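So the chains spell out like this:
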Amino acid sequence: MYKIVTVCGAGVGSSMMLKVFAQQILSNEGVEATVDASDIGSVSADEYDIVITTSDFADILRNSKAKVVRIDNMMDKELLRTELLKVIN
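What counts, and where the lines are drawn
- What you see as residue numbers is a count from 1 along each chain, following the sequence as written.
- Note on the predicted model: pLDDT of at least 70 is required for a residue's local features to be given, and 80 or more for side-chain atom pairs to be given and counted; whole-chain, interface and lining totals, by contrast, use all residues.
- Hydrogens and water molecules were not included; the side-chain quantities draw on all heavy atoms of the structure.
- What we call a nonpolar core is a set of buried Ala, Val, Leu, Ile, Met, Phe, Trp, Tyr and Cys residues that are connected through their side-chain atoms within 4.5 Å.
- Under the scheme applied here, a residue whose accessible area is under 20% of the maximum for its type counts as buried, over 50% as exposed, and between as partly exposed, the area being computed with a 1.4 Å probe on protein chains only.
- Elements are defined by DSSP. Helices are runs of H or I of four residues or more, strands are runs of E of two residues or more, and each kind is numbered from the N terminus.
- Contacts are assigned to residue pairs that have any heavy atoms within 4.5 Å of one another.
- What makes two strands pair is DSSP finding at least two bridges between them.
- Between N-to-C directions, angles cover 0 to 180 degrees, with each direction set by a line fitted to C-alpha atoms, over the stretch in contact for helices.
- Expected span of a helix, by definition, is 1.5 Å for each gap between consecutive residues, and there is one gap fewer than residues.
- Arc definition: directions from the helix axis to the C-beta atoms.

A. Geometry of the nonpolar core. Counting 17 residues, the largest nonpolar core has Ile4, Leu26, Ile50, Ile52, Leu80 and Leu84 as its most contacted members. Of all the elements in the fold, those that place two or more residues in this core are helix H1 (14–29), strand E3 (50–53) and helix H3 (77–88). For this core, the element with the most residues is H1, which contributes five residues. Not counting chain neighbours up to four residues away, the residues in contact with isoleucine 50 comprise Tyr2, Lys3, Ile4, Val5, Ala66, Lys67, Val69, Leu84, Val87 and Ile88.

B. Seen up close, the pairing of E3. The alternating pattern of E3 places Ile50 and Ile52 on one face and Val51 and Thr53 on the opposite face, and all of these are buried. As judged from the three bridges shared by strand E1 (residues 2–8) and E3, these two strands associate in the parallel manner. Bridge pairing in E3 places valine 5 opposite valine 51. Sheet topology note: the E3/strand E4 (residues 67–70) ladder contains four bridges and is parallel. Residue pairing for E4: isoleucine 50 is matched across the bridge by lysine 67.

C. Structural detail: the sheet that holds E4. An order of E2-E1-E3-E4 is seen for the four strands of this open sheet, with the pairing classed as parallel. Edge strands, defined here as strands with exactly one partner in the open sheet, are strand E2 (33–39) and E4. Strand after strand, the sheet turns through a mean of 25° between neighbouring axes, direction not considered. Pairing analysis gives seven bridges linking E1 to E2, with the strands arranged parallel. Following the sheet pairing, lysine 3 is matched in E2 by threonine 34.

D. Geometry of H3. Counted at 1.5 Å a residue, the expected span for H3 with its twelve residues is 16 Å, and the 16 Å between its end C-alpha atoms agrees. Along H3, the residues classified as buried are Leu80, Leu84, Leu85, Val87 and Ile88. When H3 is viewed along its axis, its buried side chains cluster within an angular range of 155° and face the same direction. Contacts from the buried residues of H3 go to E1, H1, E3 and E4.

In structure tokens:
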């Protein structure tokens, strides 16, 4: 089972939207995972297998052990699906 976190500035806007989208994608693909949402100031990225965030925050998290998925167009669910499955597979 994968541990995934979505990260944004405050942890309540885009990270929550990405969390819902990621959960839908993972469910549809039959991938077992937990998905959390967090803000950049309190996330412990090393506790996760995968971090989903925008390029701005991805640069901050680049030294973590987690694989970082960069998503700049929050509404592009197909891009999220492609990038997330690329990291998982």
